[in-house]
Structure formats: structure tokens, C-alpha cells
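Survey of secondary and tertiary structure
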Amino acid sequence: MRPVSKNSRRSVGRHLRGMLKATIMQRRRETVYRMLAKRNAGIVSCFVCGKHVPRQWATLEHVLPLSKGGTDEMSNLSISHAKCNHRRGNTNEERGDEV
Ligand SMILES: [Zn+2]
């Protein structure tokens, strides 16, 4: 094992830290997905449209958006389709759905 100096932590760039966070959230997505699947006999309902979400389309959804004071806690996380998540993210919730 190679000793790591304390200062080396400071040199971790913002980019790397962002990647680290992405990895954490990816793992959390797996955990949330598995948790929901277990709870509902393998069915994971999309937070947005309510239909089953296949694992490969699963994205992590914040029940209360971070921009509105939501957290990354498990209790604030759900699963949605990548498509639904994207659509929701692009919609201004204040204005409601304009179809
Ligand atoms: Zn959906």
C-alpha cells in the first residue's frame, strides 16, 4: 500500500468529484430499484407515468426536486423512465402541462 498524503484530497478536481457523485447516485439508483421491485413483486412503477420501468430505462427521480429543497435521501428518491424523467425535467412545473 502506498501512503496517500492528506493534501492530495484537495487536488481532486471538480470534474472528478462530479463523476464520483454520479457513481454514488448510480449505485443508489440500483438500491432504490431493487427496493421497489422487492416491495412490489418485481414491478417497479414509474414515478411519473405509473407504468413498469425495465431496469435499463430506470433513472433516479427526486420526489421533491433538489431545486425545491429535496434531498438525496432514500425517502426522497423514486424511479422513473428515462423518457419521463427527461420530460418532467424540461417542464416548468409552475406552469403545469402545456400539451
Ligand atoms: Zn414513465
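The paragraphs below set out a description of the structure included in this document. (Residues numbered from 1 in each chain as written. Predicted model: local features only at pLDDT ≥ 70, side-chain atom pairs only at ≥ 80, totals over all residues.)

Our next topic: the overall build of the chain. A count of helical and extended segments in the chain gives two helices and two strands. Reading the helices (α) and strands (β) of the chain from amino to carboxyl end gives α-β-β-α. Out of the 99 residues belonging to the chain, those deemed buried represent 15%. Partitioning the contacts of the chain with sequence separation of at least 6, the portion at a separation of at least 24 is 52%. (Helix = DSSP H or I, 4+ residues; strand = E, 2+ residues; numbered from the N terminus. Buried ≥ 20, exposed ≤ 12 C-beta atoms within 10 Å, placed from the backbone. Contact = placed C-beta atoms within 7 Å.)

What follows covers helix H1 (residues 14-39). The end-to-end C-alpha distance of H1 is 37 Å, a good match for the 38 Å that 26 residues give at a rise of 1.5 Å each. Of all 26 residues in H1, zero are buried, a share of ten percent or less. Looking at the residues trailing H1, positive phi occurs at Ala-41, about 55°. (Expected span 1.5 Å × (residues − 1).)

Another point: the nonpolar core. Ranked by size, the top nonpolar core spans seven residues in total: Val-44, Cys-46, Phe-47, Val-53, Ala-58, Ile-79 and Cys-84. Once residues within four sequence positions are removed from consideration, Cys-84 is found in contact with Cys-46, Val-48 and Cys-49. (Core = buried A, V, L, I, M, F, W, Y, C linked by C-beta atoms within 7 Å.)

What follows is about the pairing of strand E1 (residues 58-62). In terms of burial, E1 is a largely internal element, four of the five residues being buried. The sheet contact formed by E1 and strand E2 (residues 77-81) spans five bridges and is antiparallel. Considered in E2, the bridge of Ala-58 is made with His-81. (Pairing = 2+ DSSP bridges.)

What follows deals with unusual backbone geometry. Not every positive phi belongs to a glycine, and Ala-41 is a case in point at roughly 55°. Inspection of the secondary structure assignment puts Ala-41 in the loop between H1 and E1.

Take the environment of Arg-28 next. Looking at where Arg-28 falls in the secondary structure, it is placed in helix H1. A count of 15 C-beta atoms within 10 Å places Arg-28 in the partly exposed class. The sequence separation of Arg-28 and Leu-60 amounts to 32 residues, and the corresponding C-alpha distance is 8.1 Å. Ignoring anything within four residues of it in the chain, the contact list for Arg-28 reads Leu-60 and Leu-77.

On to the environment of Phe-47. Within the secondary structure layout, Phe-47 lies in the loop between H1 and E1. The sequence separation of Phe-47 and Ile-79 amounts to 32 residues, and the corresponding C-alpha distance is 5.8 Å. For Phe-47, the contacting residues outside a window of four places in its chain are Glu-61, Ser-78, Ile-79 and Ser-80.

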